[in-house]
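# A structural walkthrough
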Amino acid sequence: MALTTLSLSACVGESNGSSSGGSEGGAGGTDVTAGTGGSLSQSSSQSGPSSVSSGVGVGVGGGGGEGGGTPSHPFDHCVEGYRPHPTDSSPEMKDGPADFFPPGNNDPNIVDTTVQPEVLKWMYDHSWQDAHVEWHAIRGCSVPGGGGLSRVNICSFTQLVPEDQNCQTPGDGYQFLVFHRHMIQALKQLWPNHSEQFTGFPKFPTSAADVPPQWRSAWKDWDAAALEAGRIGDEIDKPENLARFPDEGTLGFWLQCNVGQMLRGATNMPWVGLHFVLHAKWARPGNTTHGVNNTSANIDNYMFWKLHGWIDNVWEKYRLAKGLLPTDQKLKDDLVAQCREMDTEIKIIQEKLDPGEVTDPNEPLPVESGFFHERVRPILESATNLCTGCHAEVGANAKLTLGGHVSSRKIVDGLVNKPSTGGGQYKLVVPGDPDHSWLYLKASGRAETAGCQQSSTAQCITGVMPPSTGGPTVSAAQLEVLRQWILDGAEGPP
């Protein structure tokens, strides 16, 4: 099996200070040297996942540590794990989700759930939200339309781009599993007394009783394909299910990838799309600041860890059934390698990040009118259709904004004659031609039969929208409004 090696090293110095104040040391003391330390060997072959050769280096950075005192010895969290955060023993810190409402709206039907404020602060202080984005983005650099939502032009760091790219190989599926386990384990090390926040669903949620109270009024039953896939995940250790996945990488592909994507050469893989439908299930239109489908901040969300924890549980059950243990050295080395990569990306972020355009949720939007603003936009922002739970003003999936705190003029400008990122040769909206407009094809459920052909800038992601419902939710009357807008020239507000 041919292997291509990607070497990443980021050595984080944490002081072992004696005082209890201050924040846990982390990326602020990062010293990055590409090509040394832990090396991640990534396989683009379909015969198995990536492997790791160890070679851990430890460096001491400035300003790290729990107490901010003089370090007594270098501390490498990738190898030794994180020490408990001071807030873990604070009586003020709570368990379970924290409620989050958009400014000026305390409607219980629009509440979203985040991890506790102490965890949010730590993740922002240590650039975890941005690092999660860049980790995914660098795995799209060689994929048509890739690079994702990178804010540091991550693809320009060519020596760091993995050979295994997003949903192309079992190696990528395996790295997806290892990276998210690294994050889960790190957070449980930091907050061992509050680890429930990072513990997954014990089983695939099939009823409102399986989710936090904040989400029960919004519960909708799964479609048959997602429900069956969830059952397979819960029963992954049964012989007939183990037989579907010859290695961890193939399992990771199945758990990670989008509706309709298939692993080349796989002959016995069931319906693909669990990761995406779980994310979409808890999209909250009108409240996406920390939304589970806001790709720039989804790790803020309590439900992110519920769903990724469930995925991790499925993987661990698979490993145990295959005779693999959490203590296996290969897994330990792979976790170190993913930690090193994340630290490398954090270092790049802290040196290169462009703050970009900042959206002020309190800034008034312009007064607008016209057919799109008055007839089409309400369809896109409907709580039934869920479009803006994934395609809001920030962190929009597929870089596509369909609503939120943004003007109708800006939405239209981002649609008309703009290329899609998942519709191959199709543009998002072609004035006068709804049948060749990817937005209309997706909304109508016709994308799967539209003859999409992958281009140099776009894949073909033809699954239905929204992905958690099993079929289009736009009514026939609403679809006719969208079609008429496009037929009439797809004009924006006057």
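Source: prediction; values computed, not measured.

Time to look at the packing of helix α4 (residues 170–190) against helix α10 (residues 329–352). Put simply, α4 and α10 touch, their axes get as near as 9 Å, and they point 80° apart. With respect to α10, the axis of α4 lies roughly perpendicular. When α4 is examined against α10, the residues Tyr-174, Gln-175, Val-178, Phe-179, Arg-181, His-182, Met-183 and Gln-185 are found in contact with a partner set consisting of Lys-330, Leu-331, Asp-334, Leu-335, Gln-338, Cys-339 and Met-342.

Once that is clear, we can look at the confidence of the model for the protein chain. With 83% of its residues at a pLDDT of 70 or more, the protein chain shows a mean pLDDT of 83. Across residues 1–71, confidence stays below pLDDT 50; counting only partners more than four residues off in sequence or on other chains, it has 199 contacts.

Looking now at the packing of aromatic side chains. Summed over the entire model, instances satisfying the criterion amount to 15 aromatic pairs. Measuring from ring centre to ring centre gives 6.5 Å for Trp-219 and Trp-222, while their planes differ by 85°; the resulting arrangement is edge-to-face. Residue Trp-219 is classed as buried on the basis of its relative accessible area, which comes to 17%. For Trp-222, a relative accessible area of 8% puts it in the buried group. Geometrically, the ring pair formed by Phe-245 and Trp-254 is tilted, given 5.0 Å between the ring centres and 40° between the ring planes. Each of the two residues, Phe-245 as well as Trp-254, counts as buried. In this structure, Arg-83 packs its charged tip against the face of Phe-75, placed 3.9 Å from the ring centre. Positioned above the aromatic ring of Trp-135 is the side chain of Arg-139, whose terminal nitrogen or guanidinium carbon lies 3.8 Å from the ring centre.

With that settled, the discussion passes to the pattern of salt bridges. Taken as a whole, this structure holds 20 salt bridges when the rule is applied. For the salt bridge of Glu-235 with Arg-231, the shortest nitrogen-to-oxygen distance reads 2.6 Å. The salt bridge partner of Arg-319 is Asp-328, with a shortest N-O separation of 3.5 Å.

Quick look at unusual backbone geometry now. Despite not being glycine, Asn-153 has its phi angle at roughly 50°, a positive value. Inspection of the secondary structure puts Asn-153 in the loop between α3 (128–137) and α4. According to the relative accessible area criterion, Asn-153 is exposed, its value standing at 51%. The backbone phi angle of Ala-490 is positive, close to 50°, even though this residue is not glycine. The topology assignment puts Ala-490 in the segment after α15 (476–487).

Residue placement: His-275 occurs in helix α8 (residues 274–281). You can call His-275 buried: its relative accessible area is 9%. Not counting residues within four places of it along the chain, the set of residues in contact with His-275 comprises Phe-176, Leu-255, Gln-256, Leu-307, His-308 and Ile-311.

Looking now at α3. Along α3, nine of the ten residues are buried, which leaves the element largely enclosed by surrounding structure. Turning to α3, its buried residues number three or more, namely Trp-128, Gln-129, Asp-130, Ala-131, His-132, Val-133, Glu-134, Trp-135 and Ala-137.

Disulfides are covalent bonds that link the sulfur atoms of two cysteine residues. Enumeration according to the criterion identifies four disulfides in this entry. The disulfide partner of Cys-141 is Cys-155, and the S-S distance across this bridge is 2.1 Å. Between Cys-141 and Cys-155, the S-S torsion sits near -90°, and that sign places the bridge as left-handed. Residue Cys-141 is located in the loop between α3 and α4, and its partner Cys-155 is located in the loop between α3 and α4; the two are separated by 14 residues in the primary sequence. We classify Cys-141 as partly exposed; its relative accessible area is 22%. The partly exposed category is assigned to Cys-155, whose relative accessible area is 25%. The partner cysteine of Cys-167 in its disulfide is Cys-257, sulfur to sulfur 2.0 Å. The chirality of the disulfide connecting Cys-167 with Cys-257 is left-handed, given an S-S dihedral of about -105°. Taken as a pair, Cys-167 in the loop between α3 and α4 and Cys-257 in the loop between α7 (248–256) and α8 lie far apart in primary sequence, 90 residues in all. With its bonded cysteines labelled in order along the sequence, the protein chain shows the pairing 1-6, 2-3, 4-5, 7-8.

What counts and what doesn't
Residues numbered from 1 in each chain as written. Predicted model: local features only at pLDDT ≥ 70, side-chain atom pairs only at ≥ 80, totals over all residues. Heavy atoms only, no water. Axes fitted to C-alpha atoms, helices over the stretch in contact; angles between N-to-C directions. Helix = DSSP H or I, 4+ residues; strand = E, 2+ residues; numbered from the N terminus. Parallel < 35°, antiparallel > 145°, perpendicular 65-115°, else oblique. Contact = heavy atoms within 4.5 Å. pLDDT = per-residue confidence, 0-100. Phe/Tyr/Trp six-rings, centres within 6.5 Å; stacked < 30°, edge-to-face > 60°. Buried < 20%, exposed > 50% of the residue type's maximum accessible area, 1.4 Å probe, protein only. Lys NZ or Arg CZ within 6 Å of the ring centre and 35° of its normal. Salt bridge = Lys/Arg side-chain N within 4 Å of Asp/Glu carboxyl O. Disulfide = S-S within 2.5 Å.

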